[in-house]
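What follows is the residue order along each chain.
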Amino acid sequence: MYRYDEFDERFVRERVEQFRDEVARRLDGSLTEDEFRPLRLKNGLYLQLHAYMLRIAIPYGTLSSRQLRQLALIADRYDRGYGHFTTRQNIQFNWPKLRDAPDILGLLADVEMHCIQTSGNCIRNVTADHFAGVAADEIDDPRPVCELIRQWSSAHPEFSYLPRKFKIAVTGALHDRAVVKAHDIGLRMVRDRETSAKGFEVIVGGGLGRTPFVGKVIRDFLPEDELLAYLEAIMRVYNLEGRRDNKYKARVKILVHEIGVEAFREKVEAEYARLDVASINPDPAEVERIAAYFAPPAYEKLPAQSTALDAAMKLNPAFAEWVEINGFEHKAPGYVAVTVSLKGIGEVPGDMTSDQMRHFADLTDRFSLGELRVSHNQNLILPDVKKKDLFPLWQELGKFGLATANVGLITDIIACPGLDYCSLATARSIPIAQAIATRFADPVRQRDIGPLNLNISGCINACGHHHVGHIGILGLEKRGQESYQITLGGDSSEDAAIGDVIGPGLTGDAVPGAIERLVAIYLQERREGEPFIATVKRIGQAPFKAAFQHYVEGLRDHAA
Amino acid sequence: MLLDARGAKDDVWIKPDQVPQVQASHRLVLWEDWAGDSEVQARGVEIPNTLKIGDLLPILGQVELIAIRFGAFTDGRGFSLARLIRAQGYKGTLRATGPLIPDQFAYALRCGFDEVEVPDANANRQPPDVWLRAARSFSANYQRGYATGVNILDQRRLARAGR
Ligand code: HEM
Ligand code: SF4
């Protein structure tokens, strides 16, 4: 993975000192609260319901065991012994104090981490496919480009006071596991049809929140080495023309929607044509320097099949299930990437205790070359595990409650913090996730239902990506009561789609029953081997809506 | 308070809201008034941050001072507008006028501004030494192609060449 050189090191240290100075100026009154707010947000510090919240960047989801141990230390020393992994490859601490923040940033800098631009109206932490570098369906590892963007966007003199936040995601694979179409800019690595040169399909104007949009392509092919200059052109058009009169209409998706993707493209291309691109883009040696850090490790030459693994799977069905559900095909023979679920039944999705972190860091060293990944599904990944090591790994994970076999299944729920932590929330999301997971806990049943993405947000801001969940749940407030709206048919893959609302809102305790009904329709209608979302697309919303309506009426009769 | 990279300085420009003086060459005229004044002799213009660069092109050669108004410090349009003005080859003075904060000083300079003019109330809370300290927060930056300051990518290139 990337390692800081002397310049990166100095930059994050200077950033810590800058923030220390800003905090001091806030405390002595020379900065007003209004002036301080964007500065603290750009260092990941939110003011929440009960306390400050600190959001730490895990750039493109790659983390080392050493960094995870440091997060455990911060959780113990400055928080209540746990952290929360988010859908944007960040980790959040819910209980730090403002005066401790500079010291925490210092501890992060010690392990080449930071909170830079994890919030605020600037270019945010850049996200990527969590299987980057190991996926078999990959054109190339997207992380060198992500690192280039991370550096380029850090403390950008021109783009640090944008109309609104700006999120960039990159994938190098055929299958989109980074939800690039739901980002302000999505970059999909492609090869030029004729020259087979590497480049990007550039997608803009995706986003969720209160007005969800699937992003639109503005460039079919952008040569790889032109990326930064092209990004500069997009950002300048947005900075100058994005709406600033209404915070809810300030994202680039609204600009693209209002003027049309053609007009937006013309503006970007006109600005791009004017630029002296050679003065902006990095020289090839710099690109190579960064790429070298992501060179594949020296994998052992292993047989594609492991007899030890096959034997252990035969003897232990629970283990076999875990391998089948949580394993992911690796490009190197004899290796596998393993998703470690942070969605134990009844647990808080994405939460991890400091003990689990330390234990996991040790396992990362022992089984996966010291590197792990954080996924936008709020799970962790060990990218480089030898097949023959899977059994001992599974046994070790089990000791700390980390061996849940549910990746991609109905209990692998994405949920935002909701009303339990978040000041913007209109409803709780964690207890709903827990109730649904408990309802569907039976492993046989879960497996029978198969792949199903269930996403929960505690308000219209959609931090839990409910719009793109196959089933989405949005917590609202109606006359002082929590009310949950259910959507169906969302999709976060390369076939991105926004789900449709299927009926009236429900109270929290009625939600698991409603999910049951939807699942029942699927089980009844599905064809051999057809996953949930495919059935929804094939038969349409109507049968689901009817069952839902029936359920709602039943509730009413029951109440009457 | 007016200040540039060296610190506070006197303002030689006469503001639109001050009594018009006989000596017109250092008058700073609002963009809204500029167009209506056929005999304009002023060499300074204060423009809104929403002005299109195309509208400004005809007068770029006539003026010695362009002041871009920042309505709020959170409104970053002025940074991009400054870049566009410099990209057109404008060599005169570029001023950021409005309630900017010291933590933006380095950004303003790097986007092509020469000086910043902030309301006195802000300057009282944030005297020049705070601005100068804030401007020195980073000894180098990641972006190539911006006006001032040392660039990390170029530093790396030099380090490679020296090896
Ligand atoms: C707890 C404090 C949080 C606050 C105050 C907060 C605030 C917001 C707001 C205001 C938006 C809407 C932005 C817009 O549409 O313009 C938003 C969107 C989003 N947030 Fe959060 N959020 C929080 C936590 C989280 C967490 C925990 C996650 C991940 C689980 C997350 C990930 C996202 C994502 C992915 C989006 C939506 C997609 C988009 O940007 O279009 N946020 N957040
Ligand atoms: S979706 Fe709403 S409730 Fe959930 S974290 Fe985002 S802002 Fe908070």
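In the block above lies the structure referred to throughout.
What comes next is a walk through the structure. Note that the structure is a prediction, hence the values are computed from the model and not measured. (Residues numbered from 1 in each chain as written. Chains lettered and ligands numbered in written order. Predicted model: local features only at pLDDT ≥ 70, side-chain atom pairs only at ≥ 80, totals over all residues. Heavy atoms only, no water.)

1. Let's talk about the overall build of chain A
How we decide: Runs of H or I in DSSP of at least four residues are treated as helices and runs of E of at least two as strands, each being numbered from the N terminus. Only the C-alpha atoms count toward the radius of gyration. The rule for a globule is 2.2 Å times the residue count to the power 0.38. Under the scheme applied here, a residue whose accessible area is under 20% of the maximum for its type counts as buried, over 50% as exposed, and between as partly exposed, the area being computed with a 1.4 Å probe on protein chains only. Residues count as neighbours in contact if any of their non-hydrogen atoms are within 4.5 Å of one another. A 1.4 Å probe and the Shrake-Rupley method give the accessible areas. Residues count as covered only by the protein chains that appear here. Residues scored as positive are Lys and Arg, those scored as negative are Asp and Glu, and His as well as the terminal groups of each chain are ignored. For the purpose of locating charges, the reference atoms are NZ of Lys, CZ of Arg, CG of Asp and CD of Glu.
A tally of helices and strands in chain A yields 18 helices and 20 strands. A compact globule built from 560 residues would reach a C-alpha radius of gyration of about 24 Å, and chain A, at 23 Å, matches this within 12%. Projected onto its principal axes, the C-alpha coordinates of chain A cover approximately 65 × 60 × 55 Å. A buried classification covers 61% of the 560 residues belonging to chain A. Excluding contacts between residues fewer than 6 apart, the proportion of contacts in chain A whose partners are at least 24 apart in sequence is 68%. Carbon and sulfur atoms make up 52% of the accessible area of chain A, which amounts to about 20700 Å² in all. A gap of 4 Å separates the mean positions of the 68 positive and 77 negative side-chain charges of chain A.

2. Points about the coordination of the iron atom of ligand 1
Inclusion rule: Sodium, potassium and calcium take a 3.2 Å donor cutoff, other metals 2.8 Å, and in both cases only N, O and S atoms count; water is not among them, so sites may look incomplete.
In this structure, the iron atom of ligand 1 receives exactly one donor atom from the protein: Cys-463 of chain A (SG), at 2.1 Å. Residue position: Cys-463 of chain A is located in the loop between β17 (454–457) and β18 (471–478).

3. So, the interface of chain A and chain B
Our working rule: Each of two parts loses accessible area, computed with a 1.4 Å probe, when they are put together; buried area is these two losses added. Salt bridges are identified by distance alone: a Lys or Arg side-chain nitrogen within 4 Å of an Asp or Glu carboxyl oxygen. Polar contacts here mean pairs of N or O atoms no more than 3.5 Å apart (in protein, one a potential hydrogen donor and the other a potential acceptor; neighbouring residues in sequence count only if both atoms are side-chain atoms).
Taken together, the contacts link 49 residues of chain A with 39 residues of chain B. Roughly 4000 Å² is buried in total at the junction of chain A and chain B, and carbon and sulfur atoms are behind 52% of that figure. Of all residues in chain A, Pro-157, Tyr-161 and Leu-240 of chain A bury the most surface against chain B, accounting for 18% of the area lost on that side. Where chain A meets chain B, there are eleven salt bridges. Ionic pairing is found between Arg-83 of chain B and Glu-158 of chain A, a salt bridge with its closest N-O pair at 3.3 Å. Seen at the junction of chain A and chain B, the total is 26 residue pairs in polar contact (both at pLDDT 80 or more).

4. Observations concerning the site of ligand 1
All names here are of chain A. Here is the rule we go by: Nearness is defined per residue: one heavy atom within 4 Å of the molecule or strand is enough. In this classification, Asp, Glu, Lys and Arg are treated as charged, Ala, Val, Leu, Ile, Met, Phe, Trp, Tyr, Cys and Pro as nonpolar, and every other residue, Gly included, as polar.
Around ligand 1, the surrounding shell holds 23 residues, and the nearest of these are Thr-87, Lys-165, Lys-167, Leu-208 and Cys-463. Side-chain polar atom of Lys-167 to an oxygen atom of ligand 1: 2.7 Å apart, as the coordinates give it. Contact between ligand 1 and Arg-251: an oxygen atom at 3.0 Å from a side-chain N or O atom of the residue. Of the residues contributing to the shell around ligand 1, the split by class is eight nonpolar, nine polar and six charged.

5. Some details on the pairing of strand β19 (residues 481–488) of chain A
Residues and elements named next belong to chain A. What counts, and what does not: Criterion used throughout: strands pair if DSSP finds at least two bridges between them.
Bridge analysis of β18 against β19 gives eight bridges, and the strand direction is antiparallel. Opposite Gly-475, over in β19, you have Tyr-484 as the bridge partner. Connecting the antiparallel pair β18 and β19 is a turn made up of two residues, with Arg-479 showing a positive phi of about 45°. As paired elements, β19 and strand β20 (residues 500–501) share two bridges and run antiparallel to each other.

6. Things to note about the side chain of Arg-236 of chain A
Relative to the elements of secondary structure, Arg-236 of chain A occurs in helix α6 (residues 227–241). A residue is classified by how much of its surface remains accessible, and Arg-236 of chain A, at 2% relative accessible area, is buried. If sequence neighbours within four positions are ignored, Arg-236 of chain A has contacts with Glu-158, Phe-159, Glu-271, Arg-274 and Leu-275 of chain A together with Ser-80, Arg-83, Leu-84 and Tyr-146 of chain B.

7. A short note on helix α17 (residues 532–539) of chain A
Residues and elements named next belong to chain A. In plain terms, the rule: Note that the arc is computed from the directions linking the helix axis to the C-beta atoms.
All of the buried residues in α17 are Phe-532, Ile-533, Thr-535 and Val-536. Within α17, the buried residues cover an arc of 160° as seen down the axis, which keeps them to one side. In the core, the buried residues of α17 are packed alongside β18, β19, α16 (511–525) and α18 (542–559). At the C-terminal side of α17, Gly-540 shows a positive phi close to 85°.

8. Notes on the nonpolar core
Basically, it comes down to this: Take the buried Ala, Val, Leu, Ile, Met, Phe, Trp, Tyr and Cys residues and link them wherever side-chain atoms come within 4.5 Å; each set so joined is a nonpolar core.
Counting residues in each nonpolar core, the largest one holds 153 residues, and the members touching the most others are Ile-66 and Ile-85 of chain B. For this core, the element with the most residues is α6 of chain A, which contributes ten residues. In terms of nonpolar packing, the next biggest core, distinct from the first, is built from 35 residues, Ile-432, Leu-452, Ala-510 and Val-511 of chain A among them.

9. Concerning helix α12 (residues 354–367) of chain A
Residue and element names in this part refer to chain A. Stated precisely, the cut-off is as follows: In this scheme, a helix's expected span is set at 1.5 Å multiplied by one less than its residue total.
Taking 1.5 Å as the rise per residue, α12 with 14 residues should run 20 Å; its terminal C-alpha atoms sit 20 Å apart, in good agreement. Three or more residues of α12 are buried, namely Ser-354, Gln-356, Met-357, His-359, Phe-360, Ala-361, Leu-363, Thr-364 and Phe-367. Once α12 finishes, Leu-369 follows within two positions and takes phi at roughly 55°, a positive value.

10. Observations regarding the packing of aromatic side chains
Residues and elements named next belong to chain A. The criterion, for reference: Ring pairs are drawn from Phe, Tyr and Trp, using the six-membered ring of Trp, whenever the two centres fall within 6.5 Å, and their geometry is named by plane angle: stacked under 30 degrees, edge-to-face over 60, tilted for the rest.
Per the counting criterion, the structure on display carries 21 aromatic pairs over all chains. A centroid spacing of 6.3 Å and a plane angle of 70° characterise the contact between Trp-95 and Tyr-421, whose relative ring orientation is edge-to-face. Of the two residues, Trp-95 is situated in the loop between β5 (90–93) and α4 (101–110) and Tyr-421 in the loop between β16 (414–415) and α14 (430–439); the sequence distance between them amounts to 326 residues. Tyr-421 shares its class with Trp-95; the two are buried.

11. A closer look at the sheet that holds strand β1 (residues 2–4) of chain B
Neighbouring strands of a sheet are bound in pairs by backbone hydrogen bonds; such pairs are parallel or else antiparallel. Residues and elements named next belong to chain B. Keep this limit in mind: Axes here refer to lines fitted to C-alpha atoms; in helices the fit is confined to the stretch in contact. Angles between the N-to-C directions go from 0 to 180 degrees.
Here seven strands make up an open sheet; going across it, the order is β2-β1-β7-β6-β5-β4-β3 and the pairing mixed. Two strands lie at the open edges of the sheet, namely β2 (7–9) and β3 (28–30), each paired on one side alone. Averaged over all pairs of adjacent strands, the angle between strand axes in this sheet comes to 30°, irrespective of strand direction. Where β3 meets strand β4 (residues 44–48), three bridges bridge the pair, whose relative direction is parallel. Bridging from a neighbouring strand, Leu-30 pairs with Glu-46 of β4.

12. Section: the environment of Ile-139 of chain A
Residues and elements named next belong to chain A. Tracing the backbone shows Ile-139 in the loop between β6 (127–128) and α5 (143–153). According to the relative accessible area criterion, Ile-139 is partly exposed, its value standing at 23%. Taking the C-alpha atoms as reference points, Ile-139 and Lys-198, separated by 59 residues in sequence, lie 8.4 Å from one another. Contact partners of Ile-139, with chain neighbours within four places excluded, come to Gly-172, Ala-173, Met-189, Val-190, Arg-191 and Lys-198.

13. Focus: the sheet that holds strand β4 (residues 82–85) of chain A
All names here are of chain A. Taken in spatial order, the five strands make up an open sheet running β1-β2-β5-β4-β13, and their pairing is antiparallel. On the outer flanks of this sheet lie β1 (45–47) and β13 (351–353), each paired with one strand and no other. For this sheet the average axis-to-axis angle between neighbouring strands, irrespective of direction, equals 30°. Both β4 and β5 contribute to a ladder of two bridges, which runs antiparallel. Bridge pairing in β5 places His-84 opposite Gln-92. Contacts from helix α2 (residues 33–41) reach β1 and β2 (52–57), with the element oriented near 130° to β1. Helix-sheet contacts for α12 involve β4, β5 and β13, and the interaxial angle to β13 is about 80°.

14. Quick look at the pattern of salt bridges
Counting across every chain of the model gives 70 salt bridges over all chains. Note that Glu-482 of chain A is salt-bridged to Arg-428 of chain A, the shortest N-O span being 3.0 Å. With a gap of 54 residues between them, Glu-482 of chain A in strand β19 and Arg-428 of chain A in the loop between β16 and α14 connect regions that are remote in the sequence. In this structure, the salt-bridge partner of Asp-75 of chain B is Arg-77 of chain B, at a minimum N-O distance of 2.8 Å. Both residues of the pair, Asp-75 of chain B and Arg-77 of chain B, belong to the buried class.

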